[in-house]
Amino acid sequence: MPQFARPNADIVDGNWTKSTGGNVDLFSMIDEVTADDTDFIQSALAPANDAAAMHLSDVEDPQVSTGHIVRYRFKKSAAAGAQIDLIVQLRQGYTAEATQGTLIHAETHANISDVITAGTFTLTAVEADAITNYNDLQVRLNANQV
């Protein structure tokens, strides 16, 4: 049976804010079952290695090394704006920028568009097998103006 881990707590907010303002409970803007582009989180206008990290809800170990998929959506705010690169990471044991735990997978998106783009990555068997605690997974975002 499929399981879905969704953001359920902020760990690091960096300079990221919610579409509604403020930086408390960023996760609440990106935890929906179905993608909703009316609420979102955003980095600072000219991000310089601007990181945000959210804890993912607990799931059970599926006991298989396949079918581990991470899905997300992203864009920048201005078509002719500066080049913004985005790195999306799945980590285990992340508690702070100084203690980032184990990197399970990183996906880099260079020069992101101003059009909403669906991002996705599927873990390899080696990456999936590197997860030892399905109750200690985090997603980390890093935006950088180039």
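Residues numbered from 1 in each chain as written. Predicted model: local features only at pLDDT ≥ 70, side-chain atom pairs only at ≥ 80, totals over all residues. Heavy atoms only, no water.

Once that is clear, we can look at the overall build of the protein. Summing up its helical and strand segments, the protein has one helix and nine strands in all. In the protein, the order of α-helices and β-strands from amino to carboxyl end is β-β-β-β-β-β-β-β-α-β. For 146 residues, the compact-globule estimate of 2.2 N^0.38 gives 15 Å, and the protein sits close to it at 15 Å. In terms of overall dimensions, the protein has a C-alpha envelope of 45 × 30 × 25 Å along the principal axes. Evaluated residue by residue, the protein yields a buried proportion of 36% over its 146 residues. Pairs at least 24 apart in sequence give 71% of the contacts found in the protein among residues at least 6 apart. About 8,000 Å² of surface is accessible on the protein, with carbon and sulfur atoms providing 52% of the total. When the 8 positive and 19 negative side-chain charges of the protein are each reduced to one mean point, those points stand 6 Å apart. (Helix = DSSP H or I, 4+ residues; strand = E, 2+ residues; numbered from the N terminus. Rg over C-alpha atoms; globule rule 2.2 N^0.38 Å. Buried < 20%, exposed > 50% of the residue type's maximum accessible area, 1.4 Å probe, protein only. Contact = heavy atoms within 4.5 Å. Areas by Shrake-Rupley, 256 points an atom, 1.4 Å probe, with all protein chains shown as cover. Lys, Arg positive; Asp, Glu negative; His and termini not counted. Charge placed at Lys NZ, Arg CZ, Asp CG, Glu CD.)

This brings us to the pairing of strand β4 (residues 50-56). By the criterion of burial, β4 is predominantly enclosed, with seven of the seven residues buried. Residues Asp50, Ala52, Met54 and Leu56 of β4 are buried on one face, and the alternating residues Ala51, Ala53 and His55, pointing to the opposite face, are buried as well. Bridge count for strand β1 (residues 7-12) against β4 is four bridges, and the pairing is antiparallel. Residue pairing in the sheet places Val12 in a bridge with Ala53 of β4. (Pairing = 2+ DSSP bridges.)

As a further point, take the pattern of salt bridges. According to the stated counting rule, one finds two salt bridges in the structure shown. One salt bridge connects Asp37 with Arg73, and the closest N-O pair in it is separated by 2.7 Å. Of the two residues, Asp37 sits in the loop between β2 (17-18) and β3 (41-42) while Arg73 sits in strand β5 (residues 69-74), which places them 36 residues apart along the sequence. For Glu97, the salt bridge identified is with Arg140, shortest N-O distance 2.7 Å. Note that Glu97 is positioned in the loop between β6 (84-92) and β7 (102-109) and Arg140 in strand β9 (residues 137-145), a separation of 43 residues in sequence. With relative accessibility at 8%, the residue Arg140 sits in the buried group. (Salt bridge = Lys/Arg side-chain N within 4 Å of Asp/Glu carboxyl O.)

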